[in-house]
Amino acid sequence: MKTSTIKAFGTQAAENDLELLTIERREVQPKDIEIDIYYCGVCHSDLHTARNDWGGTVYPAVPGHEIVGKVKSLGSDVTKFKVGDLVAVGCMVDSCRTCHSCEKDLEQFCENGFTGTYNGKDKYFKETRTFGGYSESVVVDEHFVLSLPENLDMAAAAPLLCAGITTWSPLKHWNVTENSKVAVVGLGGLGHMAIKLAKGLGAEVTLFSRTPGKTDDAKQLGADHVVISTDKDQMKSVFNKFDLIIDTVPYEHDINPYMNTLTLDGTLVLVGLIGEFENNAVSTRPMISKRRSVAGSLIGGIKETQEMLDFCGEKNIVSDIEIINIQDINHAYERMLKSDVKYRFVIDMKSLKN
């Protein structure tokens, strides 16, 4: 298969900084779309993959799965898009499309494993992994390409492709409406989107915070209330209140204090933590007493992601971002580890092309 060489930013080893690389992209196949990348969001998963925090990274690695841009060229069999369309690509670029999950539009749960936008098993180039959006362009099967509403700011829309869908999917799965009471744990890239989307759906939204310092920011984002989780009296005041809690905290923490704030049949959904609760076992007592549940959720399928983007277009919902040049990505990673961003970095890819 013919390929073309393009510029990208990636790393050759876990201990290395990201740097300028050249990578190969396949020529456009009949169902493919070539996308000229304008902006790419920066996710914690990018950093973890680059540094092999989860194991399994194959180098060289080029992160980036919050991609927005314009269609540059089309395969002969593409029917959904035309050259110049505003489009987006999220965390997946392929799946088997035949298993039970894929047939239900749940490609993120593909029983044969979906192909990640980066560090995924590339069916075209067996010796390498997929390369992500820290690059000039990308070639993706049209099934995994999404339409971006034209009224949305392109840069601020980029994080919707991961942070947005990661929080939207549980809101929809657990049927959040204007009658729902939703709480969010953690005010970062995921948490701020959970607040915006839940409020957009009409829910009454509360942020759980360990300190009062985030109260003003949370209310500006749309939260109706802020509860200080270290204050016993405040926690008692929301006993048996919430239909759904979305926990976005990306590290081990104790979820037991939140369990009694769930109402009958309420659910706490983990979307941030990847790992085990080694030191904080979950007590079953509050679960049994009110039929409460602890669940997990992973991004969303392509159909659901398009629905989320359309909803954001209708409500004019985007992420709060800080735009950076690709040359500043290593510094951005260090700042991200310190939560020194409100609330998502987005790379202006002109900085790579220039």
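Thresholds applied
Residues numbered from 1 in each chain as written. Predicted model: local features only at pLDDT ≥ 70, side-chain atom pairs only at ≥ 80, totals over all residues. Heavy atoms only, no water. Phe/Tyr/Trp six-rings, centres within 6.5 Å; stacked < 30°, edge-to-face > 60°. Helix = DSSP H or I, 4+ residues; strand = E, 2+ residues; numbered from the N terminus. Buried < 20%, exposed > 50% of the residue type's maximum accessible area, 1.4 Å probe, protein only. Contact = heavy atoms within 4.5 Å. UniProt positions renumbered as here; feature names shortened; annotations may be inferred. Salt bridge = Lys/Arg side-chain N within 4 Å of Asp/Glu carboxyl O.

**Student:** I tried to follow the packing of aromatic side chains on my own but got confused; where do I start?
**Tutor:** Pairs of aromatic rings are described using the distance from one ring centre to the other and the angle between the two planes. This model, assessed by the stated rule, comprises three aromatic pairs. Relative to Y258, the ring of F208 lies with its centre 4.9 Å away and its plane at 55 degrees, an arrangement referred to as tilted. On the criterion of sequence distance, the pair formed by F208 in strand β11 (residues 204-209) and Y258 in helix α8 (residues 256-259) is long-range, its members being 50 residues apart. Every member of this aromatic cluster is reached through a ring pair, and the members are F208, F242 and Y258.

**Student:** Got a minute to help me understand helix α4 (residues 163-173) in this structure?
**Tutor:** Residue pairs three or four apart in sequence face the same way in an α-helix, which turns once every 3.6 residues. Burial of α4 is extensive: nine of the 11 residues sit out of reach of the surface. By the burial criterion, the buried members of α4 are A163, G164, I165, T166, T167, W168, S169, P170 and L171. Buried residues along α4 sit against β10 (181-185), α5 (189-200), β13 (242-247), β14 (262-270), α10 (302-315) and β17 (344-348). Where α4 terminates, the next one or two residues include N175, which has phi positive at roughly 55 degrees.

**Student:** Whenever I open this one, the UniProt feature "domain: Enoyl reductase (ER)" (unreviewed entry) in the protein chain confuses me. Can you help?
**Tutor:** Under the UniProt annotation, "domain: Enoyl reductase (ER)" (unreviewed entry) lies at residues 13-347. Secondary structure across residues 13-347 comprises 25% helix and 25% strand; the distance between its end C-alpha atoms is 22 Å.

**Student:** Quick question: what am I supposed to make of the pattern of salt bridges here?
**Tutor:** Two side chains with opposite charge may pair up if their charged atoms get near one another. Tallying each qualifying case throughout the model produces 17 salt bridges. For K241, the salt bridge identified is with E204, shortest N-O distance 3.2 Å. Highlighted residues: K241 in the loop between α7 (232-237) and β13 and E204 in strand β11, separated in sequence by 37 residues. Given a relative accessible area of 21%, K241 falls into the partly exposed group.

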